[in-house]
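Chains, contacts and geometry: an overview
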Amino acid sequence: MRQIALVAPVLFCASGCASLSRIAGIHAPDASPDDSLTSVVAELKVHLRDDTYRYDRATTDDGRNVYAVALWKLDRLAGLRARSQQSWENADYVIEFARGKALERLRRYGDAVAAYQRVAGSGSLLGDAAAERERVIDSFAHASAPPAEPFANPEAERLFIEGRIELWRQLAEEVHGTPYESLALEESESWQVMRVDWFARGDRLGDAISACENLLEANRDSKLFGKHLLRLGDLYADSARRVELQAHANFTSLDPSRYESLVDQAFSAYELAAEDRRPALRREARNRIEALLAYHEGAAARVP
Amino acid sequence: MFLEERDTMDGALRVGLWLLRVGVAAGLLFLATGGRARAGDLLGSSDAATQLLLAPELGAGEDRAREARDLLATERNRKIAVISSALVDLGINASVGASPVKLLQSAGELGRGLLSWSNRTRGEERALLLLAPGAVGGELDDTTRGLYERLEGRERRALVTGLLDDGQRALVAGQVRRARIAVDRALELDPSSERADTLLDAIDAQTRSARARAIFDLAPAQPSLAFEAWDVRLATSLLTDGDARDPQSAPEDDASLGLARATARYESGERAEALDDLRRVATLKGGAANVAREVLEDRSINPELALDDEIWSYTKRRSLGVLGGEPLAGNGLALEPENVEFTVDGYRKLKRSYKVFRKTVNPVNLLVDAPVRWWRGWRPEGAALREAATRYLDVEPEGVRAAEARSWLEALRGDERASARVTPFRDGYFVLPHARTRYARIAPRRVVVSLDALERQAPALARDLALESSDAFVLGESGVGEGATALERGRALELLARLADGLEAGSLQSRGQSTGDVLEAVRRLDGRVRTGTTLRIAPRLPDVSASLSELGTALVDGTRARTVGDISISRQDQDIVAGRELGGDGAFCLPETPCIDRKLPVQGGLFAQTSGGDSAAVGARADYRAARLSVEMSTNGPHATLVLPFARWLGITHFLPVEAHVDVGLAGISAGPRLDSTAADEADAAESL
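Because the structure is a prediction, the values reported are computed rather than measured.

1. Regarding the overall build of chain A
Along chain A, the regular secondary structure elements total 13 helices and 0 strands. Starting at the N terminus, the α and β elements of chain A follow one another as α-α-α-α-α-α-α-α-α-α-α-α-α. Within the span of chain A, comprising 304 residues, buried residues form 39% of the whole. Contacts in chain A between residues at least 24 apart in sequence constitute 56% of all its contacts with a sequence separation of at least 6.

As structure tokens, this is what we get:
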């Protein structure tokens, strides 16, 4: 009781009275349906310039992707109007154009191009704007197209990945300063991750580590920086495990300095990832540190 | 003033305890009354059993009635027992000053028990089934018939309520036929139900409406989706980045128009003005106003909101952190009213936060840790605030709060140097820093050996190598320090073997780490030398006494520091110990490095310690062949302890891990066996191997 009596005023002083005013300020939004085309378009429009490369994609207050929600609303509007393309009016072209914008932010470039094409060929007020958009997004759709045929060998896959990285890098330069730049950077980053993965899949952990360090150097501002650090930590940890396993199987003799250097690098990468602002990522990093500590404890006991 | 408050609190506490005692007494009285009623029932049931034995063919209806009464009595007693036990639990928790969480749990159980008092139970349903045949056959006496009618009425009312609820749901869902069937059945059971009549009227109205639509061939209402021309023009302007501010024929006070204007302003960079417009639109009604409200709540659009939230969070965490460190900064905000979640996870968080707060209130934290944290300018992790400030400046570089955001970034710059995006970069290249995580090293590194130990185990070698320039030496393949001498392979192996022999024979001792760990380090060095590595030896330069700040660090951060006169000060959790080993305590040792010293036959030391601010003591202790004698004067009076490890001396600790303890204090003399914890640890270690 004495502790409660001491804690209560301390808590009150520490937390301040702002809490109550904040509670009083909360209001529940009305539940009436959206009733104008402008409101649906505006809701999408305010997020079209978001820098989705540096920051997390915007979500609604219940955690849904704003672009997916906007697309869903537009699809519902189109469904309710239920007009064939031949009988479209201006409102239908507006809906279709907005759909194109939502689709491009969802990285569905092919669908976005199709939507812009439908508007561009209409002769409506939006036609010219749609044609311009179509040109840019068409290059994105081309760059994100799947390979024409299965890869003949792993090296062909690597060359394909390298080609895509270069292509997206060029596109990012072309659209520099426009809202499309963040999209191109995201795509380029994805392919760089693919390159790291390719080396890891091919048992080339040393190359994978180098590729991952290049990824971190090239994407220092990315919102995924923490995740890349985790990936790098995993690669170092896997390398350390491999060194220890090979020694355990008498495949090679254990070089303790090399093993410890790899473990040290893994811990370091996880520690940096644990400084990310996202609680989930911090938790993930801490869990990996614990897992590696447990592994190392066993490994140390096995060292002759 | 404090005395008055304390008197008032004491008075309130006394009244509260009196009320609880009255409650507990009432509960116990209630339990006793319930017990008597149950005993009476048992007497009646034994008479009935006798009758059943004498005339088994008679009174089947009476048996059923008796069973039904028993069932009802059992149900009633069970409910009373639940309430009584909750009441007693609450009383006990209040009397012993249990935590508020436990008090709330007990009060909740009591409330649940009271609320469920009049609920129908399975026992009641079974009793009704048992009484039904007798009621139909007219075999029940007046009292039992009255009971049957009461139970039957309760069941009917429950059925009617369920049917009407179902009917109402069906009507709302447009299932008129199903709603009507439910209401008809409810009316059969209770023809006087007003609620059923009202619902029936509603069903009739809906049926008439549907019939009228059918007569005039009207289709069911469809959502007509047509947009005003100005609405389409506005949307078009928005999509083409056109001027959406003044469309013709749009109503001036329309929320959509306001929203379009705000969006266009936002796009053109007039962010502050756009947010003002959005706030105005948010006060209107309709879908566009809803959108405006959602946008204003969106932290990515309204960076000011995010900045405010993060400043608030950072400031609160900083205050809490100064008070209770990282644990309180990380968990304390869960106690904020707005952060309380009424879920299992929320409850767990709340409990954790409460525990952290309770830990904060201890003298060592309040008198040592908290002031030091304040003096050092303790700060919580600020990545979220840094991002919010950066984003604000990205969106509104000339905004009203831009200067404040910049000042926060400036304030956080010191932390940024240690952040994940800055630390690992050198000239643009990614280079990982050394890990901070501590883990057991397996690579042989170095061992510190005292001159005493060398002279005892390898005197000739020490003379040959002229190892007299220092009190201690560092042995290793690298990183041994200045003035290192390379040892020839044979000598190196001999030195390592002598050290290992000494450790195993007990003439040498390890410092800081277990003897096993130090032996393992020596063995690994031996292995490296055998594979061709050169062992080096260098004098270990003596440490100077700790500075005032190092002493502060030892006290606050739980490290160990050595002061003038070879006195060491260390802290572990809430215990602070100052001591001096007689004959030295390894001042030459390095942190996290195996260390070997000569073992004296008798070891002793003087110490002063405080434990959590609750007690303090000064004393002396001595060890000889694992026997220990200690004498201390503490806040609880003088106290002496003698420990005689007979089992260890006889070599039977593995079977009998006990030692004899003799304690002499103000409370008298006591003697007896106690578990030898070191023997248990050794056994664990042996098993793990």
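Structure shown, so let's carry the discussion forward.
2. Observations regarding the overall build of chain B
The number of helices and strands found in chain B is 24 helices and 17 strands. Put simply, chain B has 689 residues, and 27% of those count as buried. Contacts in chain B between residues far apart in sequence, at least 24 positions, make up 54% of those at least 6 positions apart.

3. Quick word on the packing of helix α8 (residues 229–239) of chain B against helix α9 (residues 255–267) of chain B
Residues and elements named next belong to chain B. α9 packs onto α8 with a crossing angle of 10 degrees between their chain directions and a minimal axis gap of 10 Å. Looking at the two axes, α8 sits roughly parallel to α9. Residues D231, L234 and L238 of α8 form the contact with α9, whose participating residues are S256, L257, A260, T263 and A264. Here the residues of the contact of α8 with α9 are counted per class, giving 5 nonpolar, 2 polar and 1 charged.

4. Structural notes on the environment of V522(B)
Residue and element names in this part refer to chain B. Structurally, V522 is set in helix α21 (residues 515–530). Residues V522 and A497 lie 25 residues apart in sequence; the distance between their C-alpha atoms is 8.4 Å. Every residue in contact with V522, bar those within four places of it in the chain, is listed here: V447, L496, L499 and A500.

5. Points about the interface of chain B and chain A
Across the contact, 66 residues belong to chain B and 71 residues belong to chain A. The element best represented in the side of chain B that touches chain A is helix α11 (residues 287–297) of chain B, accounting for 8 residues. Of the residues belonging to the side of chain B that touches chain A, the class tally is 35 nonpolar, 16 polar and 15 charged.

6. Digging into the sheet that holds strand β3 (residues 446–450) of chain B
Residues and elements named next belong to chain B. Read from one edge to the other, the open sheet built from 6 strands follows the order β5-β7-β4-β3-β11-β6, with strand pairing classed as mixed. On the outer flanks of this sheet lie β5 (485–487) and β6 (508–510), each paired with one strand and no other. On average, each strand axis in the sheet is inclined to that of its neighbour by 25 degrees, with strand direction left out of account. Here β3 runs beside strand β4 (residues 472–476); their pairing, made up of 5 bridges, is antiparallel.

7. Observations concerning unusual backbone geometry
Residues and elements named next belong to chain A. The backbone of R107 sits at a positive phi, close to 65 degrees, despite the residue not being glycine. Structurally, the position occupied by R107 is in the loop between α5 (90–105) and α6 (109–120). In this structure, D203 is a non-glycine residue whose phi angle is positive, near 65 degrees. For D203, the position within the fold is in the loop between α9 (180–201) and α10 (205–218).

8. Some remarks on the nonpolar core
Ranked by size, the top nonpolar core spans 66 residues in total, and within it V41(A), V94(A), A98(A), L259(B), V281(B) and A292(B) carry the most contacts. For this core, the element with the most residues is α5(A), which contributes 8 residues. Among residues more than four places away in sequence, those in contact with L259(B) are T38(A), S39(A), A42(A), V281(B), A288(B), V291(B) and A292(B). Grouped together as the second largest cluster of nonpolar side chains are 33 residues, C212(A), L230(A), L262(A) and A269(A) included.

9. Notes on the confidence of the model for chain A
Confidence in the prediction of chain A, expressed as mean pLDDT, is 85, and 88% of residues score 70 or more. In this model, residues 1–34 of chain A is a region of pLDDT below 50 whose contacts with residues beyond four sequence positions or in other chains number 38 contacts.

10. Some details on the pairing of strand β15 (residues 637–644) of chain B
Successive side chains on a regular strand alternate, one facing one side of the sheet and the next facing the other. All names here are of chain B. Note that strand β14 (residues 627–634) and β15 share 7 bridges and pair antiparallel. Residue pairing across strands places L629 opposite L642, the latter belonging to β15. Pairing of β15 with strand β16 (residues 658–665), which is carried by 6 bridges, proceeds in the antiparallel orientation. Bridging from a neighbouring strand, V643 pairs with H661 of β16.

11. Re helix α14 (residues 363–376) of chain B
All names here are of chain B. An ideal rise of 1.5 Å per residue puts 20 Å on 14 residues; α14 measures up with 19 Å between its terminal C-alpha atoms. A maximum bend of about 30 degrees is found in α14 at D369, where proline P371 lies one to four positions downstream. Along α14, the positions that sit buried rather than exposed are V364, N365, D369 and R373. Where α14 terminates, the next one or two residues include G377, which has phi positive at roughly 70 degrees.

12. Details of the confidence of the model for chain B
All names here are of chain B. For chain B, per-residue confidence averages 76 on the pLDDT scale, and 78% of positions sit at 70 or higher. In the predicted structure, residues 34–46 sits below a pLDDT of 50 and forms 8 contacts with residues beyond four places in sequence or in another chain. Low confidence marks residues 52–58, where pLDDT is under 50. Its contacts with residues over four positions away, or in another chain, come to 1 contact. Listed scores for the predicted complex are pTM 0.61 and ipTM 0.76.

13. A word on the packing of helix α3 (residues 37–45) of chain A against helix α4 (residues 66–81) of chain A
All names here are of chain A. Two numbers describe how α3 lies on α4: the axes approach to 10 Å, and their chain directions differ by 155 degrees. One finds that α3 runs roughly antiparallel with respect to α4. With respect to the hand of their crossing, α3 and α4 are arranged in left-handed fashion. Taking contact as the criterion, the partners of V40, E43 and L44 in α3 are, on α4, A70, K73, L74 and L77. Split by residue class, the contact of α3 with α4 holds 5 nonpolar, no polar and 2 charged.

14. Regarding the pairing of strand β11 (residues 595–598) of chain B
Residue and element names in this part refer to chain B. Strand direction decides the pairing type here: β3 and β11, joined by 2 bridges, are parallel. For V448, the partnering residue across the bridge sits in β11 and is C595. Here 3 bridges tie β6 to β11, and the two strands are oriented antiparallel to one another. Looking across to β11, one finds that L508 is bridged to R598.

15. Focus on the environment of G100(A)
Residue and element names in this part refer to chain A. Note that G100 resides in helix α5. Sequence separation between G100 and Q117 is 17 residues, and the spatial gap between their C-alpha atoms is 9.4 Å. Aside from chain neighbours lying at most four places away, what touches G100 is A112, A115, Y116 and R133.

16. As for helix α5 (residues 142–172) of chain B
Since one α-helical turn is 3.6 residues long, residues separated by three or four positions face the same way. When the terminal C-alpha atoms of α5(B) are compared, their 45 Å separation across 31 residues agrees well with the 45 Å that a helix rising 1.5 Å per residue should span. Of the residues trailing α5(B), G174(B) is marked for its positive phi of about 80 degrees.

Cut-offs applied
- Residues numbered from 1 in each chain as written.
- Chains lettered and ligands numbered in written order.
- Predicted model: local features only at pLDDT ≥ 70, side-chain atom pairs only at ≥ 80, totals over all residues.
- Helix = DSSP H or I, 4+ residues; strand = E, 2+ residues; numbered from the N terminus.
- Buried ≥ 20, exposed ≤ 12 C-beta atoms within 10 Å, placed from the backbone.
- Contact = placed C-beta atoms within 7 Å.
- Axes fitted to C-alpha atoms, helices over the stretch in contact; angles between N-to-C directions.
- Parallel < 35°, antiparallel > 145°, perpendicular 65-115°, else oblique.
- Nonpolar A, V, L, I, M, F, W, Y, C, P; charged D, E, K, R; others polar.
- Pairing = 2+ DSSP bridges.
- Core = buried A, V, L, I, M, F, W, Y, C linked by C-beta atoms within 7 Å.
- pLDDT = per-residue confidence, 0-100.
- Expected span 1.5 Å × (residues − 1).
- Bend = angle between axes of the 7 residues up to and from the residue.
- Left-handed = near helix turned anticlockwise from the far one by under 90°.

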